[in-house]
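Working through the structure, step by step
For reference, the chains in residue letters:
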Amino acid sequence: MRQLNEEETKIFYEKLGEYIGANIKLLIENEDDPHVFRLIKNKVYYMSLQIANWATNVGKDQLLHVGTYFGKFTKTKKFRLNITCLEILAKYAKHKVWLKSNGEQSYLYGNHVIKAHLAKMSENIPQYANVILFSLQENPLGFGVASRSTLQCKDLDPTTVVVFNQADLGEYLRSEDDKNVEK
């Protein structure tokens, strides 16, 4: 486990900034309970500073995971967010989209969001902006990319895709077979 180097930090913060903007500071600059990002085998984790200090006592080969898994760096040095950081992203999201109850199930099955399933959107979402999707009960469902701006969505056909699905909570169930180890 180690700190992110300068290049990794820049790439990671750029990706995170697309979802939460300047609120990145709120994640790490909490004086009461300071948190840090750490790298374990190309995977980025978010944890309290106290836990990070305790984890240094565990050997490199024995430490698999610690904290909240945010995502990983690909071989081409791009960062890919994972659904496990959704709760944290949802608190600080700058662009939000709420789905009607009939659209939640479709979205959680891995489909894109169409205009008919859209309940409301944050103001001034630009086209191709990263968004966090919520149910009408304010439960975070996943994240994606807005295929249209807020203004463009008002005049669309009900079957037009408005948000491309990147990750949703249904991933846990769809990838369950991949996670289980066969004997």
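Fair warning: this is a prediction, and the values are worked out from it, not measured in the lab.

1. Side note on the overall build of the protein
On a plain count of helices and strands, the protein comes out with 8 helices and 11 strands. Overall size of the protein, expressed as C-alpha extent along the three principal axes, is 55 × 45 × 35 Å. Expressed as a percentage of the 183 residues in the protein, the buried residues total 43%. Once local pairs closer than 6 in sequence are excluded, the contacts in the protein between residues at least 24 apart make up 56%. With 24 positive and 22 negative side-chain charges, the protein shows a separation of 4 Å between the mean positions of the two kinds.

2. Some remarks on the sheet that holds strand E11 (residues 161–168)
Reading across from one edge, E7-E11-E10-E9-E6-E8 is the order of the 6 strands in this open sheet, with mixed pairing throughout. Edge strands, defined here as strands with exactly one partner in the open sheet, are strand E7 (113–114) and strand E8 (118–121). The sheet contacts of helix H1 (residues 6–20) involve strand E9 (130–135), strand E10 (140–146) and E11, and relative to E9 the element is tilted by about 50°. Each of strand E6 (96–99), E7, E9, E10 and E11 touches helix H5 (residues 101–108); the most contacted strand, E10, lies at about 80° to it.

3. As for H1
Between its terminal C-alpha atoms H1 stretches 20 Å, which fits the 21 Å expected from 15 residues at 1.5 Å a residue. Every buried residue belonging to H1 is among Glu8, Phe12, Leu16, Gly17, Tyr19 and Ile20, and all of these are buried. Buried positions in H1, seen along its axis, are confined to an arc of 155° and lie on one side of it. The outward face of H1, more than 90 degrees from its buried face, is lined by the exposed residues Glu6 and Lys10.

4. A word on the sheet that holds strand E2 (residues 35–40)
Taking strand neighbours across the sheet as the criterion, the 5 strands line up as E1-E2-E3-E4-E5 in an open arrangement whose pairing is antiparallel. In the strand order of this sheet, the two ends are held by strand E1 (2–3) and strand E5 (79–81), each with one partner. With 2 bridges joining them, E1 and E2 adopt antiparallel strand pairing. Bridge pairing in E2 places Gln3 opposite Arg38. Sitting on the sheet, H1 touches E1, E2, strand E3 (43–48), strand E4 (68–73) and E5, and the angle it makes with E5 is about 40°.

5. Quick look at a negative patch on the surface
Judged by side-chain charge, Glu29, Glu31, Asp32 and Asp33 come together as a negatively charged surface patch. Within the secondary structure, Asp32 sits in the loop between helix H2 (24–28) and E2.

6. Remarks on unusual backbone geometry
Of note, Lys77 is a non-glycine position whose phi angle comes to about 65°, a positive value. With respect to the helices and strands, the residue Lys77 is situated in the loop between E4 and E5. Residues other than glycine seldom take positive phi values, yet Tyr128 does so here, at roughly 65°. Taking relative accessible area as the criterion, Tyr128 reaches 57% and is therefore assigned exposed.

7. Some points on the UniProt feature "domain: PUA" (unreviewed entry) in the protein
Sites flagged by UniProt as "domain: PUA" (unreviewed entry) map to residues 95–170. Along residues 95–170 the backbone is 16% helical and 41% strand, and the end-to-end C-alpha distance reaches 21 Å.

8. Here's the deal with the pairing of E4
When E3 meets E4, the two strands line up antiparallel, connected through 4 bridges. In the strand pairing of E4, Tyr46 is matched with Thr68. Examined bridge by bridge, E4 and E5 share 3 bridges and lie antiparallel to one another. Each residue of the ladder has a partner; that of Gly71, found in E5, is Leu81. The turn linking E4 back onto E5 is made up of 5 residues, and Lys77 within it adopts a positive phi angle of 65°.

Rules behind the numbers
- Residues numbered from 1 in each chain as written.
- Predicted model: local features only at pLDDT ≥ 70, side-chain atom pairs only at ≥ 80, totals over all residues.
- Heavy atoms only, no water.
- Helix = DSSP H or I, 4+ residues; strand = E, 2+ residues; numbered from the N terminus.
- Buried < 20%, exposed > 50% of the residue type's maximum accessible area, 1.4 Å probe, protein only.
- Contact = heavy atoms within 4.5 Å.
- Lys, Arg positive; Asp, Glu negative; His and termini not counted.
- Charge placed at Lys NZ, Arg CZ, Asp CG, Glu CD.
- Pairing = 2+ DSSP bridges.
- Axes fitted to C-alpha atoms, helices over the stretch in contact; angles between N-to-C directions.
- Expected span 1.5 Å × (residues − 1).
- Arc of directions from axis to C-beta.
- Patch = residues over 30% accessible without salt bridge, like charges linked within 9 Å, V, L, I, M, F, W, Y side chains within 5 Å.
- Areas by Shrake-Rupley, 256 points an atom, 1.4 Å probe, with all protein chains shown as cover.
- Salt bridge = Lys/Arg side-chain N within 4 Å of Asp/Glu carboxyl O.
- UniProt positions renumbered as here; feature names shortened; annotations may be inferred.

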